[in-house]
Amino acid sequence: MKKSGKKLSLTAKITISLILGILAGIALQNYSDFAVSYVKPFGTIYLNLIKMIVVPVVLLSITQGIVSLQDIRKVGSIGLRTVLYYLCTTALAVTVGLLFANVLNVGAGYVLPAGELSYTASEAPSIMDTIVNIFPSNAFEPLVSATMLQVIVLALFLGFGIILAGEKGQTAANVVDSFAEVAFRIMDMIIQLSPIGVFALICPVVAQNGPAVLLPLLKVVLVAYTGYIVHMVVVYSASVKCFAGMSPLKFFREMSRPMLFAFSSASSVGTLPFNMEATERLGVKKEISSFVLPLGATINMDGTAIYQGVCAIFIAQIFGIDLSLTQQLTIILTATLASIGTAGVPGSGMIMLAMVLQSVGLPLEGIALVAGIDRILDMGRTVVNITGDASCAICVDAREKKKEAKRAKK
Ligand code: ASP
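As the structure is a computational prediction, the values presented were derived from the model and not from experiment. (Residues numbered from 1 in each chain as written. Predicted model: local features only at pLDDT ≥ 70, side-chain atom pairs only at ≥ 80, totals over all residues. Heavy atoms only, no water.)

### Remarks on empty space enclosed by the protein
- In this structure the tally under the stated criterion is three cavities of 30 Å³ or more.
- There is about 60 Å³ of room inside the largest cavity.
- Lining the largest cavity are 16 residues, and of these Ala-343, Val-345, Asp-378, Thr-382 and Asn-385 sit closest to its centre.
- Of all elements in the fold, only α17 (348–359) and α19 (374–409) reach the threshold of two or more residues within the lining of the largest cavity.
- Among the elements that line the lining of the largest cavity, the one with the most residues is α19, at four residues.
- Residue classes in the lining of the largest cavity are distributed as four nonpolar, 10 polar and two charged.
- Lining the second largest cavity are Val-83, Tyr-86, Leu-87, Thr-90, Ile-299, Asn-300, Ser-339 and Ile-340. (1 Å grid on protein atoms, 1.4 Å probe; cavity = no way out; pocket = protein on both sides within 12 Å on 5 of 7 lines; lining within 4 Å. Points joined across faces, edges and corners; volume = space filled by probe spheres on them. Helix = DSSP H or I, 4+ residues; strand = E, 2+ residues; numbered from the N terminus. Nonpolar A, V, L, I, M, F, W, Y, C, P; charged D, E, K, R; others polar.)

### Side note on α17
- For α17, the buried fraction is high: nine of the 12 residues fall into the buried class.
- Within two residues after α17, Gly-361 carries a phi angle of roughly 70°, on the positive side. (Buried < 20%, exposed > 50% of the residue type's maximum accessible area, 1.4 Å probe, protein only.)

### Focus on the confidence of the model for the chain
- Summarising the model, the chain shows a mean pLDDT of 86, and 91% of its residues fall at 70 or more.
- Contacts of residues 1–6 to residues separated by more than four positions or lying in other chains number zero contacts, the stretch itself having pLDDT below 50. (pLDDT = per-residue confidence, 0-100. Contact = heavy atoms within 4.5 Å.)

### Here's the deal with the packing of helix α3 (residues 72–103) against α19
- With their axes 10 Å apart at the nearest point, α3 and α19 run at an angle of 140° to one another. With respect to their mutual orientation, α3 and α19 come out oblique. Between α3 and α19 the crossing geometry is right-handed. On α19, the residues touching Lys-74, Ser-77, Ile-78, Arg-81, Thr-82, Tyr-85 and Tyr-86 of α3 are Gly-388, Asp-389, Ser-391, Cys-392, Cys-395, Val-396, Arg-399, Glu-400, Lys-403 and Glu-404. (Axes fitted to C-alpha atoms, helices over the stretch in contact; angles between N-to-C directions. Parallel < 35°, antiparallel > 145°, perpendicular 65-115°, else oblique. Left-handed = near helix turned anticlockwise from the far one by under 90°.)

### A short note on the side chain of Ser-290
- By the secondary structure assignment, Ser-290 is in helix α14 (residues 286–299).
- In this structure Ser-290 comes out as buried when scored by relative accessible area, which is 3%.
- Only 2.7 Å separates the side chain of Ser-290 from the backbone oxygen of Lys-286, close enough to count as a polar contact.
- Setting aside residues up to four positions removed in sequence, Ser-290 forms contacts with Ser-61, Ile-62, Gly-65 and Met-276. (Polar contact = N/O pair within 3.5 Å; in protein donor to acceptor, adjacent residues only side chain to side chain.)

### Some words on the pattern of salt bridges
- All chains considered together, the criterion is met by 10 salt bridges.
- Across the pair Arg-257 and Glu-277 runs a salt bridge, and its minimum N-O distance is 3.0 Å. Residue Arg-257 is found in helix α12 (residues 256–265), and its partner Glu-277 is found in helix α13 (residues 268–281); the two are separated by 20 residues along the sequence.
- Residue class for Glu-277 comes out buried when judged on its relative accessible area of 19%.
- For Glu-404, the salt bridge is made with Lys-285, and the minimal N-O distance between the two is 3.1 Å. (Salt bridge = Lys/Arg side-chain N within 4 Å of Asp/Glu carboxyl O.)

### Some thoughts on the site of the ligand
- What surrounds the ligand is a group of 17 residues, the closest being Ser-268, Thr-304, Gly-349, Asp-378 and Arg-381.
- Relative to its unbound accessible surface of 270 Å², the ligand loses 100% to contact with the protein.
- In this structure the site holding the ligand corresponds to the largest cavity.
- Contributing elements (two or more residues each) for the shell around the ligand: α17 and α19.
- For the shell around the ligand, the element with the most residues is α19, which contributes four residues. (Near = heavy atom within 4 Å. Areas by Shrake-Rupley, 256 points an atom, 1.4 Å probe, with all protein chains shown as cover. Sits in = over half its atoms within 2 Å of the grid points.)

### Describing the nonpolar core
- Val-106, Val-220, Tyr-228, Phe-251, Val-292, Phe-314 and Ile-331 are the most contacted members of the largest nonpolar core, which totals 119 residues.
- Contacts of Phe-251, omitting those with residues within four sequence positions, involve Tyr-236, Val-240, Met-246, Leu-282, Thr-387, Ala-390, Ser-391 and Ile-394.
- With six residues, the next largest nonpolar core counts Leu-28, Val-39, Cys-203 and Ala-207 among its residues. (Core = buried A, V, L, I, M, F, W, Y, C linked by side-chain atoms within 4.5 Å.)

Right, here's the structure in full:
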């Protein structure tokens, strides 16, 4: 009892500091330099600490998850189910984005600002490059540069290696176990600092992007957030209910802390510790959550996919371009792939938007328009991204438990 009381109070603290941060941001609108110079650094320190611990946590927890599954076939079947769930929900998410943007006419009434629009898109990698880049050519480099997909590949090999080494691999398994425990403890310490971190992250965002910047693009924000909310409420509620028999209310209640944190940090990878904790409270076995969630934080981005769908239609509409059905299908395909290639850190979804626009020949300059409000869109899409990961963990876990129960009966 005492423990859950303590946990609740941290959520309450985070909520309060989020509200205080927003209020302080509004108050500091005319002094945004101050907010950026003196408040933001504390948010940066906090994010740095999270980034510091995230690579060890992902490497060790995925490895530990695989080793504890013991059987390579079992890893394979869980992995396949996880990836399938991720792909289907992401494709659904882009469709939701496209649908709402079309029906609500996201670009209607928007007048292109006079003068040249200029935006130099950072080069989005091609699909083949994205695939090749998953495989590291050096075992340590991905850890140093925090290239998460490569870290996952490394963890997969490490886990499989330990299983295949059998008796002789036991020492390695114990070392991984022990270090994983240490990494989780460090993570706990950092989580305790969240109220300060959340305040320092949100305050400068509000101070800088006051309502004035927002107004002309309010419709994009509204349409995107409608998509985010509808997708979460419909798709995730349905999947936890149908596949795991879990009450959606319970799901969202327990998810409030990671969702709040995702909203203020705009980083799926940074939210990982909170997400693991929440799903474990929801009864997901550690061996499942430690495999499904880090993978999801890296490849599953439903919110980003919705955002890309909405932005693609917005840009098409304001430039007066009609998108055919085939083009919209192409957007579904590329946005699903782009969201796999999107890193779970702030702002990366916007870089991958270039890949989606390019695929159907839309002007990249359009990105310049939405760039000003990207942070606001990013906060919401990150919430969807991590909630999707958690819903998958719950469904995969329920499926495994069912299989085990069947086996036990036999
Ligand atoms: N910030 C998002 C995330 O961490 C990625 C994005 O920019 O879409 O999940």
